[in-house]
Amino acid sequence: MNSAQQLLRSQRDLLLNWTCDHPAPLLRWLRDAEVLSSPQYLSLLVRSPSNAVAQALETVCATEEGSQKFLLVLREVQDYYCGDLQAWVERHSRNDAVSQPVPTPITIEAKKPKGPFSKLLKGKSKGFTPTPEVKAKEELKPSRSVNLANIRVPISAHKTTLLKRTEQLKCYSEGEGVASNSASHIEIRYTDLFVTEDNDLVDSSQHEYFDLASRRARIYAHQACQRIRPCHLLSPEGTSERSPKRVKVKGIAGIGKSIAVQRLAYEWAIGKSMREFTCVFDLRFRELNLIEAPLSLLELLGERFRYLKTVLTYLFASPSSLLFILDGLDEFKFPLDWNSPDKNIDVDSKVPVSELMVALIKGSFLPEASVILTTRPSTEAPKHFFQRCCVVLGFEETQVKEYTSKFYKDSKVAEKVYDYILNNDSLFVLSFIPLYCYIICTAMAEFFSSGTQDACDSKSLELNPPRTVSEVYFCYLFTAVKHHALRGSAERSTPRSVVLSLAKQELTQLGKLAYENLLQKKIMFSRVDLENYGIIPADIQSTFLCHILQPLKEETVEMFSFFHLTVQEHLAALYCAINLFSQQDIIQALDFWCFGICQTSSTAAPLQNTDFNVDRLESLHMFTRFFMGMLRARLAGQLDGLVLYPMEQGDDIPARLGLWFQEQFKDRKLESQAALNLLHCLMEFHMKEATSIAAPEIKKLNLFKIKLSVVDCAAIHYVLQFSLHKLQELNLGYSNIGNRGLNRLGPILHRCESLYLRYNCLDRQAANLESVILRSNECQVKKLFMCGNNLGPEGVWELWNALQSNTTVEELYLDITGITDRGTENIVNCLSKNTSLKTLTIVGNDIREEGRRRLRELGQSRPGLRIIADFVEDRGLLQAYLDWVEEIRVDKDQMESVKNADALQSVLKGLQVAGKQMQKGENAEKGKELQTKIVELLKSSTDLIG
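Residues numbered from 1 in each chain as written. Predicted model: local features only at pLDDT ≥ 70, side-chain atom pairs only at ≥ 80, totals over all residues. Heavy atoms only, no water.

(A) Fine view of the side chain of Glu 287. Here Glu 287 lies in helix α15 (residues 285–288). Within the structure, Glu 287 has its side chain in polar contact with the side chain of Arg 304 (distance 3.2 Å). (Helix = DSSP H or I, 4+ residues; strand = E, 2+ residues; numbered from the N terminus. Polar contact = N/O pair within 3.5 Å; in protein donor to acceptor, adjacent residues only side chain to side chain.)

(B) Up close: the pattern of salt bridges. Counted according to the given criterion, the structure contains 36 salt bridges. A salt bridge links Lys 726 to Glu 753; the nearest nitrogen and oxygen atoms lie 2.9 Å apart. With a gap of 27 residues between them, Lys 726 in the loop between α33 (710–720) and β10 (727–731) and Glu 753 in strand β11 (residues 752–756) connect regions that are remote in the sequence. Of the residues examined, Lys 726 reaches a relative accessible area of 39% and is grouped as partly exposed. Bridged by salt links that share partners, the residues Arg 28, Arg 31, Asp 32, Glu 187, Arg 263, Glu 267 and Lys 272 form one connected network. (Salt bridge = Lys/Arg side-chain N within 4 Å of Asp/Glu carboxyl O. Buried < 20%, exposed > 50% of the residue type's maximum accessible area, 1.4 Å probe, protein only.)

(C) Structural view of the sheet that holds strand β6 (residues 388–392). The strand order across the open sheet built from six strands is β1-β6-β2-β5-β4-β3, with neighbouring strands paired in mixed fashion. A single partner strand is all that each edge strand has here, and the edge strands are β1 (195–197) and β3 (279–284). The mean inter-strand angle of the sheet, taken between neighbouring strand axes irrespective of direction, is 20°. Helix α16 (residues 297–304) contacts β3 and β4 (322–327) of the sheet and is inclined by roughly 90° relative to β3. Contacts from helix α18 (residues 353–362) reach β2 (246–250), β4 and β5 (370–375), with the element oriented near 120° to β4. (Pairing = 2+ DSSP bridges. Axes fitted to C-alpha atoms, helices over the stretch in contact; angles between N-to-C directions. Contact = heavy atoms within 4.5 Å.)

(D) Inspection of the state of the cysteines at higher detail. Taken as a whole and assessed by the stated rule, the structure comprises zero disulfides. Between Cys 441, a cysteine without a disulfide, and Cys 437, which holds the nearest cysteine sulfur, the sulfur-to-sulfur distance is 4.5 Å. (Disulfide = S-S within 2.5 Å.)

(E) Spotlight on helix α25 (residues 504–519). In this model α25 runs 23 Å from its N-terminal to its C-terminal C-alpha over 16 residues, within 8% of the 22 Å that 1.5 Å per residue would give. Burial in α25 covers these residues: Leu 507, Gln 509, Leu 510, Gly 511, Leu 513, Ala 514, Tyr 515, Glu 516, Asn 517, Leu 518 and Leu 519. At the C-terminal side of α25, Lys 521 shows a positive phi close to 60°. (Expected span 1.5 Å × (residues − 1).)

(F) Focus on the nonpolar core. Core analysis: the biggest nonpolar cluster contains 233 residues, and Phe 562, Leu 571, Trp 593, Phe 627, Ile 716, Trp 800 and Leu 814 have the highest contact counts within it. At ten residues, helix α23 (residues 469–485) tops the list of elements feeding residues into this core. Counting residues in hydrophobic clusters, the runner-up holds 45 residues, among them Leu 298, Trp 338, Phe 365 and Phe 385. (Core = buried A, V, L, I, M, F, W, Y, C linked by side-chain atoms within 4.5 Å.)

(G) Spatial organisation of the side chain of Asp 529. Among the secondary structure elements, Asp 529 is positioned in helix α26 (residues 527–532). Residue Asp 529 is classed as buried on the basis of its relative accessible area, which comes to 18%. Reaching out from Asp 529, the side chain makes a polar contact with the backbone nitrogen of Ser 526 at a distance of 2.9 Å. Setting aside its immediate chain neighbours within four residues, Asp 529 contacts Lys 522 and Met 524.

(H) Layout of the confidence of the model for the chain. Looking at the chain as a whole, its pLDDT mean stands at 80, while 82% of the residues score no less than 70. For the chain, per-element mean pLDDT is lowest for helix α9 (residues 107–111), which scores 34, and highest for strand β12 (residues 783–785), which scores 97. Counting interchain partners and residues more than four positions distant, the pLDDT-below-50 stretch residues 96–146 has 97 contacts. Ignoring residues within four places in sequence, the model shows residues 201–225, a span with pLDDT below 50, making 89 contacts including any to other chains. (pLDDT = per-residue confidence, 0-100.)

(I) Just the packing of helix α35 (residues 764–775) against helix α36 (residues 792–803), in detail. Where α35 meets α36, the closest approach of the two axes is 8 Å, and the angle between their N-to-C directions is 5°. Taken together, α35 and α36 sit at an angle that is classed as roughly parallel. Contacts from Arg 764, Ala 767, Asn 768, Glu 770, Ser 771, Leu 774 and Arg 775 of α35 reach α36 at Glu 794, Gly 795, Glu 798, Leu 799, Asn 801, Ala 802 and Leu 803. Of the residues contributing to the contact of α35 with α36, the split by class is five nonpolar, four polar and five charged. (Parallel < 35°, antiparallel > 145°, perpendicular 65-115°, else oblique. Nonpolar A, V, L, I, M, F, W, Y, C, P; charged D, E, K, R; others polar.)

In structure tokens form, the structure reads like this:
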């Protein structure tokens, strides 16, 4: 019997020899054909290539069905391997006895259409008839004019090279024992990201520290969020049959954009997604920075992908079959002129690389080709050039748990670390950003081992598990240094100062490189750059530098960078903390970093290079927070071993810094972002003496329309808790703090005379918290703005009940809060007993006849209470809403916000209900004007979306 099982067993050594160099395609296709289970597949990925293939062959040869499926898979992946294997497949696929499929359905054909190269091999389809579904899929694919036979071998080489480049996730951590992390294959470590449509027409230019929590809160609360897998970025949207050609993917640093497109390239190279593309070109802007002279696209691609050089002209004969992945626009050093007139560029035209990229992104050059661009929000790339714009929001809570469980070999360690993250606000918000999640997991391994670690080992760290961002990064850095410095040269319980002293020279050189280039906004370094700072490139892989610096070696390119911008910022902060020796140095440095005030009286090294564009001060926010954390570590003796000289008048520094912060809040008209950054600096410094001096000077805090995360709320709370006086105003309108953020602020809210919480994704839970504040004997709230939150009937019940005994609130604004007739059931009984409330605004809610009757009854029992239930009752309110509508009309970002569209609909409904009164009342003209403008605005928004 000439069975597939016998054939494979007899040819085992040959097959092993042909595939063992690069088993990834074979193993993945076997997994998808259900020949290998997922656990089997993942276990093979961590083995050596030869062992993995040998084990896979053992598994498939166990049954005739598995052997048949193996032959089917081998036909699909043959182009990844040598010509001998392809000839073997050709010979045996014509053998009817072997190639006939077993009676059970072959799932691989139903799942995936055949690869483009397999179609070229005549005679191979005998016995393998595609299902109707597969035929339909093939017919839907765009036609190609490329002669695939001419490009088969180069494309095969391209796919294999791309696979080898993308199948490993770069891993910089190093641990010992069961808590260490060793699995770095993309199939094992990759955790799905939260990607959705980007509805913001205007990108934020603020520093990217914790900017996501607010965005996530808005999406969760206001839209049925569409999650997009990276492999579907170019899929038709909704009922459309047309695929987008230009796709923009934005997200903050460390959020996983590059990993997402790495996964995308990997999936194409392994033949599992986007098979309509003949070729995918992945280009990184940090590499394009090295191109100074004008060049053509043919020259650029021919140099970058040398094995494709001879077939590029064939490929460009059908540009619709090409995909360009352009990663990291924010790292591009050349200026981009999006408004320049389109030039007549073809593949042979020599132009500056910046013009080439702009033309490719805009679609004025190769409009039929597809482009996926990744960038940070702070980098301009006008949305109207793209058919789809997406935003990467990092991990969801379940994905943080999944990532943590994948990171550690020991499930108990993973569980302990996840629980610690979950119960710490700062770390919890950090963990949604994959890069931070990685750094947290690396740092936490020191504190949550399962008992195999020497009990004395942790003494060298002399820290509790980290709480602040600075502590997390310092633990990460110290972990890397310790494993390197102590390897075979000292006891594990060596004091921390000794460990740091062993790496003093390297850390000082790294810090100087990081700081001086941070001011220049330089993130890529050549060998010469490193050598100028005393760093030997050859040492990177053999020292702890491999955890800090990332080499980039591809073709003729050799550059280095810190593996993340925040690592550069942290090392820069560490350098400054150990090189500033007096109160005056520190004050001058903060004046420079926070406000661009440059003084040259100091001789301290960090103050000698002050060549910095003061228009980019916000780019130093994260650095200044790191500095305050590192300064605290120095004053606490945690940097001993690194510093050359003791701090002058060290005992007085917290008090002097407290006075400096006090002066900023007192004398300076702070922009919202600057004020928030100072609050974060005080929280990272975390010294009561300094904060107690600064906090009482904060009389008003206006963070209107500044997107705030839970950690931002934690910083506000940390500082204001040290001020015992009342706060005249806390304006958090449109800040999207959500229930979790409000809970974090809870202990200080009772001291706010005017409390603005408009449009903050709050619900009944927030109303419950606010009612507790209103019942407090210490409550000082006089004005409470809750407009635009979804409190609902049950939420306002709690507020009415709390107001029975409250004696401070004079004005309460509950416009557009989801109140219905049910929400008024207890209003008369409760507010009749209240003596302080003078104004209640409740417009824009679904209050009908029964509810209006109760409001009239309340007005009779409380003649001193002004109740505004209709827009036409107050001319000032009508004008305020007219101003708001005009503001939304001008700011397209607001119009794209779902919550504003809903709010406008609510206002319009309220105006329509009040229609009869508008015809008679003196405010009719204003009311009709407002109604007309809202209708026009909603119509323009619908047209825009359409």
